[in-house]
Amino acid sequence: MTAAIAGHSALDVAPARRLDGSLTLPGDKSISHRALMLALLAQGESTIQGAGDGADVRSTAGIAAALGAKLDRTPRADGNVDYRIRSPGAAALRAPQATLDCGNSGTSLRLFAGILAGQPVQAVLDGDDSLRRRPMARIIEPLRAMGARVEAARDGRPPVIVAGRRRLTAIDWSTPVPSAQVKSAILLAGLRAAGTTRVREAVATRDHTERMLRARGVGVRMTTGEEDGTVVELDGPALPRPFDERLPGDISAAAFWLVGGAIHPEADVTLRDMGVNPTRRAVIDLLARMGASIEETRGVSDDAAGEDEAGEPMADLRVRSSKLLSIELSPKDTAAAIDEIPVLCLAATQARGRSVIRGAGELRNKESDRIAGIVAGLSALGARIAVDRDEIVVAGPTPLRGAVVDSLGDHRLALTFAIAALVAEGTTTILGAESVAVSYPSFLADLERIRS
Ligand code: S3P
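Keep in mind it's a predicted model, so treat the numbers as computed, not measured. Here, residues in each chain are numbered from 1, in the same order as that chain's written sequence. Whole-chain, interface and lining totals are the exception, using all residues; otherwise, since this is a predicted model, local features are given only for residues with pLDDT of at least 70 and side-chain atom pairs are given and counted only at 80 or more. Calculation of side-chain values draws on the structure's entire complement of heavy atoms; hydrogens and water are dropped beforehand.

Q: Looking at this structure, how should I read the pattern of salt bridges?
A: It is possible for side chains of opposite charge to pair when their charged atoms get near one another. One speaks of a salt bridge when a side-chain nitrogen belonging to Lys or Arg is within 4 Å of a carboxyl oxygen belonging to Asp or Glu. Summed over the entire model, instances satisfying the criterion amount to 42 salt bridges. With a closest N to O distance of 3.0 Å, R73 and D53 form a salt bridge. Remark: D53 occurs in the loop between β4 (44–51) and α2 (55–66) and R73 occurs in strand β5 (residues 70–75); sequence separation between them is 20 residues. The rule is simple: take the accessible area with a 1.4 Å probe, protein chains only, and divide by the maximum for that residue type; under 20% is buried, over 50% is exposed, in between is partly exposed. R73 gets classed as partly exposed once you look at its relative accessible area, which sits at 37%. D53 gets classed as buried once you look at its relative accessible area, which sits at 12%. Here R200 ties to D172 by a salt bridge, and the two come within 2.8 Å at their closest N and O atoms. Residue R200 is found in strand β13 (residues 193–201), and its partner D172 is found in strand β12 (residues 172–175); the two are separated by 28 residues along the sequence. Per the convention used, a helix needs a DSSP run of H or I reaching at least four residues, while a strand needs a run of E reaching at least two, with both numbered from the N terminus.

In structure tokens:
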């Protein structure tokens, strides 16, 4: 049930007696963005089956069209979308006629900045109030080092103006903050640079760009760097080929049901065709470490022989009610599950013992200040949660009771609070809950399908 409170749209969520059934979740958001972007760069026709249809991916589709790709969308019964994209390719992109609107999507803005840096066009990338607060110096610095002309309006925040060049210089860049968006922006710019572009990461981040470029014929080399970090490199100039790809379900959306299923006393939920890429699956392994009953079946293994054509392993995940124990996350664990930390905090409220999440500072730079938002929201629901600099500490288990909580317009906070509401006593009112449509537009329909 929805109602309006003080100018926000508010969502009331009552507790569930049971969670039972199986779901097909949104196509992976990170992969959906990249599949559309690489289809734009590839001359000819590409297809994408099962892309997510959240507002973020729609922003990327809109920008691909503004840069000259022709996109046909066919909605699927499961809420996802199939795309057929015909593009003139990277050598013939169209100069955009208007500001490129990235909406709420940091991935759209940062990766398109990398793509446009080596294009002889001028473009302005902008977004909503949340995106206008997010730091862009992390991409502007390496792109400038490659010879691109990139400016941010004020204080390193969007709008970002790219007055591209036809030719860039390859760089060897060590990323100070672990960020797949920064790595990807540099690699995409590297496609237009002569020589070897290299990115060194102290902590490995999601590797979809690397896998997807390889699947499209670009020779990307990945090696392990010092202390488990990675070194990724490609030789430019290079052009991705058109490609047909079926996308796995989004593990970051699955995380809500994995936690919901584990903490609800009457739950048995199966999530079909989920992406279980080693650089994304940390949330599964962390929950298993806490004692969650998660069964993984029908997986395509991640060895070279077992990979699907785009190199993304998939599996069905079945989660059942579990008794959880507390957990300590190292900064590396936190980086590996960065989008799932809010819902892992919820899991910790229902786990016996003191959980500590270290190295969480980067959460302040997401769609909202997620540390402030999760602490305020879960505290209002009765959790014992505190912050000490970049550490979040949760004492559990604590019974939750319904309250009014503010998602700060952040999809991952709204979804976390909706799952919390399923195990709370009484009704929870979530402010700004329309934000779920950023990554998971079918969430309410899925909730109705499996709750009783
Ligand atoms: C993403 C990378 C991560 C993640 C975001 C999606 C991507 O951001 O938080 O939701 O698709 O590359 P950072 O690269 O800023 O860590």
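Q: Please explain the packing of helix α10 (residues 341–349) against helix α11 (residues 370–380) as it appears in this structure.
A: In helix packing, the relevant descriptors are the interaxial angle and the interaxial distance, both defined with respect to the helix axes. Throughout, an axis means a line fitted to C-alpha atoms (over the contacting stretch in the case of helices), and angles, computed between N-to-C directions, take values from 0 to 180 degrees. Where α10 contacts α11, the axes come no closer than 10 Å and their chain directions differ by 30 degrees. Taken together, α10 and α11 sit at an angle that is classed as roughly parallel. Every pair of crossing elements has a handedness; the one defined by α10 and α11 is right-handed. Judged by residue contacts, P342, C345, L346 and T349 of α10 engage R370, I374 and L378 from α11. Orientation labels follow simple angle bins: below 35 degrees gives roughly parallel, above 145 gives roughly antiparallel, 65 to 115 gives roughly perpendicular, and whatever is left gives oblique. Should the near helix be turned anticlockwise from the far one by less than a right angle, the crossing is termed left-handed; should it be turned clockwise, right-handed. Here a residue-residue contact requires only that any non-hydrogen atoms of the pair lie within 4.5 Å.

Q: Hey, could you run me through the pairing of β13 in this one?
A: The side chains of a regular strand alternate, residue by residue, between the two faces of the sheet. Two strands are counted as paired when DSSP detects at least two bridges linking them. Where strand β11 (residues 168–169) lies against β13, 2 bridges are found, and the strand directions are parallel. Paired with T169 across the bridge in β13 is A194. One ladder, built from 4 bridges, connects β12 with β13; its direction is parallel. By the bridge assignment for β13, D172 is matched with R198. With helix α5 (residues 180–190) bridging β12 and the parallel β13, this β-α-β connection has right-handed handedness. By convention a crossover is right-handed if, when the strands point away from the viewer, the path from the first strand over the helix to the second runs clockwise.

Q: Explain the sheet that holds strand β6 (residues 81–87) to me, please; I cannot follow it from the model alone.
A: Strands pair in a sheet through their backbones, by hydrogen bonds, and they do so in one of two ways: parallel or antiparallel. In spatial order, the strands read β5-β6-β4-β16; together these 4 strands make up an open sheet with mixed pairing. Only two strands of the sheet have a single partner each, and these edge strands are β5 and β16 (244–246). The average undirected angle you get between the axes of adjacent strands in this sheet is 10 degrees.

Q: Sorry if this is basic, but what is going on with the nonpolar core here?
A: In a soluble, globular protein the nonpolar side chains are often hidden away together inside. Membership of the largest hydrophobic core comes to 77 residues, with the highest contact counts inside it found for W257, L271, L287 and I392. Broken down by element, the residue count for this core peaks at 10 residues, all from helix α7 (residues 251–263). Membership of the second largest hydrophobic core comes to 63 residues, among which are A35, A69, I115 and V160. Within this scheme, the nonpolar core is defined by two criteria: the residues are buried Ala, Val, Leu, Ile, Met, Phe, Trp, Tyr or Cys, and they are joined through side-chain atoms within 4.5 Å.

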